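Given next are the chains, with one letter for each unit.
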2 protein chains.
Amino acid sequence: MALSSLTVSAQFGAPRQNPTVPSVTENVVEDFKPATSNQDSKQYPMVNSQRMVRAQISAPNATSVGLDIAGKIYSMTKDEKGVWTGTSEPQDEGFHYYQLNIDGASVPDPGSLYYYGASRWGSGIEIPSTDQDFWQVKNVPQGSMSEVFYWSTYTEKMRRCHVYLPNEYYTNPTKKFPVLYLQHGMGENEYGWAEQGHTAQILDNLIAEGKAVPCIIVMDNGLNTSRPGEAGGFGGFGGPRPQGQRPQGAPGQGGPRRGGFGGFSEGFKNVLFNDIIPMVEKNYRVIADPQHRAYAGLSMGGMQAREITLANPEKFAYVGSFSSGAWSVDQVKASEGFAKNVRLLFMSGGGKENMGCVEAARNIKEQLGMNAVGYESPGTAHEWHTWRRSLYQFAQLIFK
Amino acid sequence: MALSSLTVSAQFGAPRQNPTVPSVTENVVEDFKPATSNQDSKQYPMVNSQRMVRAQISAPNATSVGLDIAGKIYSMTKDEKGVWTGTSEPQDEGFHYYQLNIDGASVPDPGSLYYYGASRWGSGIEIPSTDQDFWQVKNVPQGSMSEVFYWSTYTEKMRRCHVYLPNEYYTNPTKKFPVLYLQHGMGENEYGWAEQGHTAQILDNLIAEGKAVPCIIVMDNGLNTSRPGEAGGFGGFGGPRPQGQRPQGAPGQGGPRRGGFGGFSEGFKNVLFNDIIPMVEKNYRVIADPQHRAYAGLSMGGMQAREITLANPEKFAYVGSFSSGAWSVDQVKASEGFAKNVRLLFMSGGGKENMGCVEAARNIKEQLGMNAVGYESPGTAHEWHTWRRSLYQFAQLIFK
């Protein structure tokens, strides 16, 4: 597993200090360009053709500044004007969270746009990838990505989700659409697929090429699902909660090998069935039957999808599990009706994750006779480019 | 004018260092609570009942840390664990941009959510206001706030805007709606009204109370309107541009007293008329006539609205100018048709801005016989709470 230690410490409790290493100075190709994930007008951070990251910040009175990315802190060096610059080793192509460390303070880089992941809003950087064209904003018919609030009878709070509507939702005002429920991972929230996931662009582009069926996509928060009075739950949107609390059913109390995340999928299952699906089917023009309903998630979100769809195989026709481990033949067989009802089980992972999804899908297909597809993202690990590619693949297979 | 110096330096060129002052330690009421503008689970920054801000950050190796808000840097002090804490003087109620300064580096506070203003994404803090109920998320019929991209024939780029659709847009699928075009200020962008402006909540709540006519609201970027090859323009969304470039027609080349921002409103006028309005009237169910079209803006956005509506009084029936100065009788009189065509001219400002909008509206009404309304936001300056209140007032007067 190639989780960055920033992610690991945020996800699994005990924060740990990444090791400090020198900036890279040898054999650096000086063709750095501003990252596309930067704020408008900001030159730094930059990326070069070797996929090295160069950060820079003015901190004239600091004694030590570091670039904290992918599990290492690269020492930056100061010039005569008090500007610190440092260069990392090559990174995987795609999107990564990072931060700066200034005299012991971990802070967002003022040059970056901010993304939610590793349990915080903070810096992220896009390392150009050979196939990045598929998620760019292009001059094709555009859908929309909405922020929507709704009342949850389960949590007794207003909740926030994101809803993608395809272009045809606007141009064809009587047509009804299938729906994909698409969930984030641990330490992330309902912004992940909308922002660094580029869901709207992936779908707009696929639909424009005739490769995906126009559908509605609903992205919700899989973690803040505690009921009033429940200990340790995550708060509502934006609401503060006491520091140091851990969610119920946190990893370690029952990891994927022991059957799932326990409390995590229970809370989200209740919100999904009691609140989210009814809200979507009431407020939008939806084909409200299981044959037109898909559910996919990444990492923890894929583990939730596994638990929930194996226990409720009559509710979804298409299931996606991205970087959530390979499902076994026995797991699927133990669910009465899954192999019969579900038209597609899609399992994927980053090539560097070595999850064995391709082989697992082959086994399930051969032994259970159901449609199962495995996909491996070349050269990537437990990170967003794996998941964008997974969505790109999955979206071409559903509702057909 | 009570622009914060953070805003001033970002808006008007030469960055200037705010003066450093000691943290407030006397007569501080110790009832601090986490700000509602914080990231989930983050305790700091906090606000007390005196509207003082308390910031805190761990920076064990730093020698100097400051809280930079409203034109002053408050020195923070370090405890034995390396955690720095500081407290500001009382702030105006409402929303303010701020940042931390660590050994000379100006950085976002890792505790805050991030907002675009002062020409950067960075920290913001909400100081509770007596009337904040009007922009809270409530369990009322919800509209949606969408991110939408479209092709601009003028800039020859894809552009991004935000579109608010009222709840009834979804529930009443054949109804057509009036449209308000609503613009941000200098150093801000198309996120301002959608995020810190809480436009969707203000409208959802007003519509639920029967106080506003359901309408579509379109929020675009009034600054990145340069054509290909034009010097100094702002880039497209997300795209980097060289540092240090100034936009054409920047303040100083023609301020509001000399007739407006020149190049600023020219570029936006072309995008508005050639691209934005046609896109909206093509893609949404819109009552596409001037009687159902409103245009308002804040600060620079209000100056653009003034120039554009005075020059094109046949295109809009309702005009709003928030914190953009008082319009004179002569200005309105010089526009042929404005007093006759426009059903409402609304001018507002913060009480601390002393813009004289109430008197100016009275003069225009008395001397020109048109409907003009002035509003003054009690106790606020050139800041977002003034503009939220202005929208709250304006939205109750339009399309009726």
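Residues numbered from 1 in each chain as written. Chains lettered and ligands numbered in written order. Predicted model: local features only at pLDDT ≥ 70, side-chain atom pairs only at ≥ 80, totals over all residues. Heavy atoms only, no water.

Scanning chain A for helices and strands turns up 9 helices and 20 strands. Counting the 400 residues in chain A, one finds 61% classified as buried. Contacts spanning at least 24 positions in sequence make up 69% of the contacts within chain A whose residues lie at least 6 apart. Taken as a whole, chain A presents about 14,700 Å² of accessible surface, with 49% of it coming from carbon and sulfur. (Helix = DSSP H or I, 4+ residues; strand = E, 2+ residues; numbered from the N terminus. Buried < 20%, exposed > 50% of the residue type's maximum accessible area, 1.4 Å probe, protein only. Contact = heavy atoms within 4.5 Å. Areas by Shrake-Rupley, 256 points an atom, 1.4 Å probe, with all protein chains shown as cover.)

Okay, the side chain of Asp109(B) next. Residue and element names in this part refer to chain B. As for its placement among the helices and strands, Asp109 is situated in the loop between strand S10 (105–107) and strand S11 (114–117). There is no salt bridge for the buried Asp109, and the closest opposite charge comes from Lys42, which lies 7.2 Å off by N-O distance. A polar contact of 2.8 Å, which involves the side chain of Asp109, links it to the backbone nitrogen of Gly111. If we skip the residues at most four places from it in the chain, Asp109 touches Pro45, Tyr98, Leu100, Tyr114 and Ser123. (Lys, Arg positive; Asp, Glu negative; His and termini not counted. Salt bridge = Lys/Arg side-chain N within 4 Å of Asp/Glu carboxyl O. Polar contact = N/O pair within 3.5 Å; in protein donor to acceptor, adjacent residues only side chain to side chain.)

The subject of this paragraph is the packing of aromatic side chains. For the structure on display, the rule yields 41 aromatic pairs over all chains. Between Phe346(A) and Phe394(A) the ring centres are 5.5 Å apart and the planes differ by 50°, which places this aromatic pair in the tilted class. Here Phe394(A) lies in helix H9 (residues 384–395) and Phe346(A) lies in strand S19 (residues 344–350), a separation of 48 residues in the sequence. Residue class for Phe346(A) comes out buried when judged on its relative accessible area of 1%. Under the relative-accessibility criterion, Phe394(A) is labelled buried at 0%. Within the aromatic cluster, the residues linked to one another by ring pairs are Tyr169(A), Tyr170(A), Phe177(A), Tyr284(A), Tyr169(B), Tyr170(B), Phe177(B) and Tyr284(B). Between the NZ or CZ atom of Arg388(A) and the centre of the ring of Trp135(A), over which it lies, the distance is 4.3 Å. In this arrangement the basic side chain of Lys315(B) is found over the ring face of Phe273(B), its NZ or CZ atom lying 5.0 Å from the centre. (Phe/Tyr/Trp six-rings, centres within 6.5 Å; stacked < 30°, edge-to-face > 60°. Lys NZ or Arg CZ within 6 Å of the ring centre and 35° of its normal.)

Okay, the sheet that holds strand S8 (residues 83–87) of chain A next. All names here are of chain A. Reading across from one edge, S2-S3-S4-S8-S7 is the order of the 5 strands in this open sheet, with antiparallel pairing throughout. Where the open sheet ends on each side, the last strands, each with one partner, are strand S2 (33–34) and strand S7 (77–78). Direction of pairing for S2 relative to strand S3 (residues 46–47): antiparallel, over a ladder of 2 bridges. Across the sheet, Pro34 pairs through a bridge with Met46, a residue of S3. (Pairing = 2+ DSSP bridges.)

Bringing the relation of the copies chain B and chain A into the picture now. Aligned on chain A, chain B shows an RMSD of 0.0 Å; the corresponding rotation is 180° and the shift along the axis is 0.0 Å. The symmetry that links the two subunits is that of a two-fold axis. Among all residues of chain B, the one whose C-alpha sits closest to the rotation axis is Ser146(B), at a distance of 2.0 Å. When you check the interface residues of chain B against chain A, 100% turn up at the interface there too, and the contact is symmetric in its surfaces. (Least-squares fit on C-alpha atoms with pLDDT ≥ 70 in both.)

So, on to the nonpolar core. Among the nonpolar cores identified, the biggest contains 86 residues, and Tyr284(A) and Tyr284(B) are the most heavily contacted of them. Formed by 41 residues, the second largest nonpolar core is a distinct cluster that contains Val47(A), Ile57(A), Tyr98(A) and Ile69(B). (Core = buried A, V, L, I, M, F, W, Y, C linked by side-chain atoms within 4.5 Å.)

Once that is clear, we can look at the interface of chain B and chain A. With 52 residues of chain B in contact, the opposing surface of chain A contributes 53 residues. Roughly 4,500 Å² of surface becomes buried between chain B and chain A when both sides are summed, with 56% attributable to carbon and sulfur atoms. Contact with chain A buries surface across chain B, with Asp40(B), Ser41(B) and Tyr170(B) losing the most and accounting together for 12% of the total. Looking at the side of chain B that touches chain A, the elements that each hand over two or more residues are strand S4 (53–58), S10, strand S12 (120–127), strand S13 (144–152) and strand S14 (157–165) of chain B. With 7 residues, the single largest contributor to the side of chain B that touches chain A is S13(B). Grouping the constituent residues of the side of chain B that touches chain A by class yields 25 nonpolar, 20 polar and 7 charged. (Buried area = accessible area lost by both parts, 1.4 Å probe. Nonpolar A, V, L, I, M, F, W, Y, C, P; charged D, E, K, R; others polar.)

All right, on to the pattern of salt bridges then. Inspection of the entire model under this criterion finds 30 salt bridges over all chains. Glu89(A) is the salt-bridge partner of Lys72(A), the closest N and O atoms lying 2.8 Å from each other. Residue Lys72(A) is located in strand S6 (residues 72–75), and its partner Glu89(A) is located in the loop between S8 and strand S9 (94–102); the two are separated by 17 residues in the primary sequence. Overall, the relative accessible area of 32% leaves Glu89(A) in the partly exposed class. The closest approach of N and O atoms between Lys138(B) and Asp133(B), which form a salt bridge, is 2.8 Å.

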